[in-house]
Amino acid sequence: MKRVRTLLAASIAGLCLAAAAPAPPTPAYTDITEVTAVEIPVQVMLDGKPVRGLKAEDFVVYQEKSKQEITGFDVVDLYGAPSAPAAAPADVPAPARRHFLFLFDLSFSEPKAIVQARQAAKDLMADLHPSDLVAVATYAASRGPELVLGFTPDREQARAAVDTLGLPELVDRNQTDPLRIVVESLRQDMAQASGGTDAGSAEKGAQFRAGNQEMLLDRLEGYLVDSQRASLEADKDKVTALTRSFTDLARLMRSVSGRKHVVYLSEGYDSSILTGSTDANVQKDHREATNEGEIWKVDSEARFGSAAAAAQVDAMLQELRRADCVVQAVDIGGLRATQGSSGGLGYERKNGRESLFQMARDTGGDLYENFNDLGAAMGKMLERTGVTYVLTIQPPVAPDGTYHDLRVELKHGPRGARVVHRPGYYAPRPFAQRSRYEKMLATAGDVLLGEEGGTVRVSALAAPVSNGGATADVLTRIEIDGPSLLHLNEGEDVPVEIYIYAMDSKGRVRDFVAQTLSLDLFKLETRLLESGLRFYGHLELPPGTYTARVLVRNGRTGLHGLKVVPLQVPSTATADLPAVFRPQAEGSWLVVREAPRPGRREISFP
């Protein structure tokens, strides 16, 4: 779902980075109109390979039973036809970007299998296209699903998230990124340990990784023991907890535009809970008891499975399909060096292959087993999803969050071709009705996509200043137009969210500023309406080329504005403070300076 807001006033004025000049006057704010567009990523395959060369007229789209006009059409070829170049990351629109959520199951997997599966996941990340976005999450029966890292193109962050899996002993919570696109973990220690070329640095790196792995293994064994005790009492409750958690995860994924490949690294749950025992001796005992009329000896759920649990699994799979989530199930039991191991915890794992197969099959994914090279195993999937046709329709939709079925047919094209597309979409809901995590993912998506615009008018100025160290202090000044910020705001205050992320040419987040303000309108409304809010902050960056993504959001209405400004940090930055950052008359602007951050230099702003 893409929501396009068009201003009926004059164009937005912005101040580009590196030019130290005051921002031009903000044009008067009038009104907003909304246009809703539904973007449908479509893959067409023949004999397991993508079909290229199709046009908009080759497709027909239906919403429910109503034929829809295709108002937009785009083609993305990640790997390129023999006669055409591959798509560059910057050329891939949001709906066509592949999203990979690496989900580590801590309850239905042996600890040693999880530890070894981390390397398989990192190897697969290296095979992904640069435009692909990666997220990392964990699942434990006692905690439910937890998002360690939101979707990001930054492979370094993704690898750090996989190394720590978000466990408290391995993660420094002092500087948590509210959008979850930066992992504040032992990154500096890891970089120092692995970045050196001498023997001492290599030894330090090996010691660090060994200690990391031992702590991780201890914590994972604790999760598994808790889970195993619960399953001995009620296996069915354990599956119910998983289906409930994955249903919630699917609903959260609705807020992410594009197809989501859930790389589910697990050994699976015992599918006999749903289908009944497959043990020949148990089945024989049940038959004999039934034949002799001793019905009280027959446990119907043990013989036929739990109908209630099966219904819950079906409902979970439906939610995953509706959220456009495809489960790529990886049986990490096949990644262990030794099979049949109990991990020293005193029990044997039950075979969960059938449950993994069901989750993959019923969402359009595949089951990968006994593969140590996960990247090679998933190579065919990466190839066949490399060509995407993005169809846009504009149906009349009420903003009530209801689900609408979609059907895409191929009118012209090769005989026998198979069309794969999202089965439907959810209509947008008011921002206030979305969960905290839905808002977080939507905001992170806006930052990473980097499409300038929005209804809140924002201008940005930044300048690198030498601090005598290996990095420069990049001073930033953000000006936020007051009337557009307050538009549609109801209440005695206005919550203002300010995000500044510096990304390098490889899509890595090198530093960020995130701050939330609560402004009392009884005291400040007049100043905000006369001018607006002026925010001072700073980034710490080494020499290089970056883009600064500046997003400002009204946390109540959801209205936002985004600026993307280029930034060049020279190897010899000036030590002189630009005039715009020197003490000056602020007029009627409401001035706010960044809050102190642990481990960061304090900057003297005007």
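Residues numbered from 1 in each chain as written. Predicted model: local features only at pLDDT ≥ 70, side-chain atom pairs only at ≥ 80, totals over all residues. Heavy atoms only, no water.

Colleague: Before we go on, may I ask you to explain the confidence of the model for the chain in this structure?
Modeller: Low-pLDDT stretches of the model should not have their predicted coordinates read in fine detail. Summing up the model confidence of the chain, the mean pLDDT is 79 and the portion of residues at 70 or higher is 75%. Per-element confidence in the chain is highest for strand β4 (residues 59-63), whose mean pLDDT is 96, and lowest for strand β1 (residues 2-7), whose mean pLDDT is 34. Between residues 1-34, whose pLDDT stays under 50, and residues either more than four places distant or in other chains, the model counts 88 contacts. Residue range residues 185-201 is modelled with pLDDT below 50. Its contacts to residues more than four positions away, or to other chains, number 21 contacts. (pLDDT = per-residue confidence, 0-100. Helix = DSSP H or I, 4+ residues; strand = E, 2+ residues; numbered from the N terminus. Contact = heavy atoms within 4.5 Å.)

Colleague: Is there a simple way to think about the packing of aromatic side chains in this case?
Modeller: Note on aromatic pairs: each is described by the distance of the centres and the angle between the planes. A full pass over the atoms with the stated rule returns eight aromatic pairs. Ring centres 5.6 Å apart and planes at 85 degrees place the aromatic pair Y139 and F246 in the edge-to-face group. With a gap of 107 residues between them, Y139 in strand β8 (residues 133-140) and F246 in helix α5 (residues 235-253) connect regions that are remote in the sequence. In this pair, the class of Y139 matches that of F246, namely buried. The rings of F59, F73 and Y389 are connected pair by pair, giving a single aromatic cluster. Lying across the ring of Y426, R254 places its NZ or CZ 3.6 Å from the centre. Just above the ring of Y437 sits the side chain of R436; from NZ or CZ to the centre is 4.5 Å. (Phe/Tyr/Trp six-rings, centres within 6.5 Å; stacked < 30°, edge-to-face > 60°. Buried < 20%, exposed > 50% of the residue type's maximum accessible area, 1.4 Å probe, protein only. Lys NZ or Arg CZ within 6 Å of the ring centre and 35° of its normal.)

Colleague: Would you mind going over the packing of helix α1 (residues 111-127) against helix α2 (residues 155-164) with me for this structure?
Modeller: Between two packed helices, what matters for the description is the angle formed by their axes and the separation of those axes. Their axes nearest at 10 Å, the elements α1 and α2 cross at an angle of 170 degrees. Judged by the inter-axis angle, α1 sits roughly antiparallel to α2. When α1 is examined against α2, the residues R118, K122 and M125 are found in contact with a partner set consisting of R155, A158, R159, V162 and D163. By residue class, the composition of the contact of α1 with α2 is three nonpolar, no polar and five charged. (Axes fitted to C-alpha atoms, helices over the stretch in contact; angles between N-to-C directions. Parallel < 35°, antiparallel > 145°, perpendicular 65-115°, else oblique. Nonpolar A, V, L, I, M, F, W, Y, C, P; charged D, E, K, R; others polar.)

Colleague: Would you mind showing me how to read empty space enclosed by the protein here?
Modeller: By rolling a water-sized probe across the atoms, one finds the places where empty space is left. This structure, assessed with the given rule, holds two cavities of 30 Å³ or more. In this model, the largest cavity occupies a volume close to 70 Å³. Lining the largest cavity, in full, are P41, V42, Q43, P95, A96, R97, R98, R259, H261 and T388. At three residues, strand β2 (residues 32-46) tops the list of elements feeding residues into the lining of the largest cavity. A breakdown of the residues in the lining of the largest cavity according to their chemical character gives four nonpolar, three polar and three charged. (1 Å grid on protein atoms, 1.4 Å probe; cavity = no way out; pocket = protein on both sides within 12 Å on 5 of 7 lines; lining within 4 Å. Points joined across faces, edges and corners; volume = space filled by probe spheres on them.)

Colleague: Can you help me understand α2 in this one?
Modeller: Since one α-helical turn is 3.6 residues long, residues separated by three or four positions face the same way. Of all 10 residues in α2, eight are buried, a share of seventy percent or more. Taken residue by residue, α2 has R155, Q157, A158, A160, A161, V162, D163 and T164 as its buried positions. Its side-chain oxygen 3.0 Å from the backbone nitrogen of E156, D154 forms the N-cap of α2. Looking one or two places after α2, you find L165, whose phi comes out positive at around 55 degrees. (Polar contact = N/O pair within 3.5 Å; in protein donor to acceptor, adjacent residues only side chain to side chain.)

Colleague: Would you take a moment to explain helix α15 (residues 521-530) for this structure?
Modeller: Those residues of α15 that fall on the buried side of the exposure criterion are L521, L524 and L528. The buried residues of α15 occupy an angular sector of 95 degrees when projected down its axis, which confines them to one face. Of the residues in α15, the exposed ones pointing more than 90 degrees away from the buried face are F522, K523, T526 and E530. Residues of α15 that are buried make contact with α14 (482-486), β20 (493-504), β21 (509-520), β22 (532-541) and β25 (590-593). The residue sitting at the N-terminus of α15 and contributing the capping side-chain oxygen is D520; that oxygen lies 2.9 Å from the backbone nitrogen of F522. At the C-terminal side of α15, G532 shows a positive phi close to 155 degrees. (Arc of directions from axis to C-beta.)

Colleague: I keep staring at the pairing of β21 and nothing clicks. Help me out?
Modeller: Working note: regular strand, side chains alternate between the two faces of the sheet. The pairing of β20 with β21 spans 11 bridges and is classified as antiparallel. Within β21, the residue paired with M503 across the bridge is V509. Counting the residues that bridge the hairpin from β20 to β21 gives four residues, and of these G507 lies at a positive phi of roughly 80 degrees. (Pairing = 2+ DSSP bridges.)

Colleague: What am I meant to see in the sheet that holds strand β19 (residues 472-481) here?
Modeller: Hydrogen bonds between backbone atoms are what pair the strands of a sheet, whose relative direction is either parallel or antiparallel. One open sheet holds the four strands; their spatial order is β18-β19-β22-β25, and the pairing between them is mixed. Edge positions in the open sheet fall to β18 (458-466) and β25, since each of these has one partner strand only. Direction aside, neighbouring strands of the sheet carry axes that sit 20 degrees apart on average. Relative to β19, β18 runs antiparallel, the two being bridged by nine bridges. Residue S459 lies in a different strand from β19, and its bridge partner there is E479.

Colleague: Mind showing me how you'd approach the nonpolar core here?
Modeller: Generally speaking, a soluble globular protein has its nonpolar side chains buried in company with each other. Within the largest apolar cluster, 50 residues are counted, with the highest numbers of intra-cluster contacts made by L101, M253 and Y501. Sequence-distant contacts of Y501, defined by excluding residues within four places in its chain, comprise D177, P178, L179, I181, V182, V447, V509, D511, F512, T547, A548 and R549. Core analysis: the next-biggest nonpolar cluster, separate from the first, contains 37 residues, A120, L128, L217 and L220 among them. (Core = buried A, V, L, I, M, F, W, Y, C linked by side-chain atoms within 4.5 Å.)

Colleague: Looking at this model, I keep getting lost on the sheet that holds strand β12 (residues 367-369). Mind explaining?
Modeller: With mixed pairing, the six strands of this open sheet are ordered in space as β9-β8-β7-β10-β11-β12. The sheet is open, and its two edges are formed by β9 (144-152) and β12, each paired on a single side. Averaged over all pairs of adjacent strands, the angle between strand axes in this sheet comes to 20 degrees, irrespective of strand direction. In the packing of helix α10 (residues 353-361) onto the sheet, contacts are made with β10 (260-266), β11 (325-331) and β12, and the angle to β11 comes to roughly 155 degrees.

Colleague: Please clarify how the pattern of salt bridges should be interpreted in this entry.
Modeller: Should their charged atoms come close, side chains of opposite charge can pair. Under the definition given, this model contains 23 salt bridges. Taking the shortest distance from any N to any O, the salt bridge between R52 and D77 comes out at 2.5 Å. Of this pair, R52 sits in the loop between β3 (49-50) and β4 while D77 is found in strand β6 (residues 72-77), placing the two residues 25 residues apart along the sequence. Residue R52 is classed as partly exposed on the basis of its relative accessible area of 36%. Notably, a salt bridge pairs R143 with E146, separated by 3.1 Å at the nearest N-O pair. When its relative accessible area of 40% is taken as the criterion, R143 is described as partly exposed. (Salt bridge = Lys/Arg side-chain N within 4 Å of Asp/Glu carboxyl O.)

Colleague: Please clarify how the packing of α5 against helix α9 (residues 307-322) should be interpreted in this entry.
Modeller: Put simply, α5 and α9 touch, their axes get as near as 8 Å, and they point 15 degrees apart. The angle between α5 and α9 places the two elements in the roughly parallel class. α5 and α9 meet at a crossing whose hand is left-handed. Judged by residue contacts, K236, V239, T240, L242, T243, F246, T247, A250 and R251 of α5 engage A309, Q312, V313, M316, E319 and L320 from α9. (Left-handed = near helix turned anticlockwise from the far one by under 90°.)

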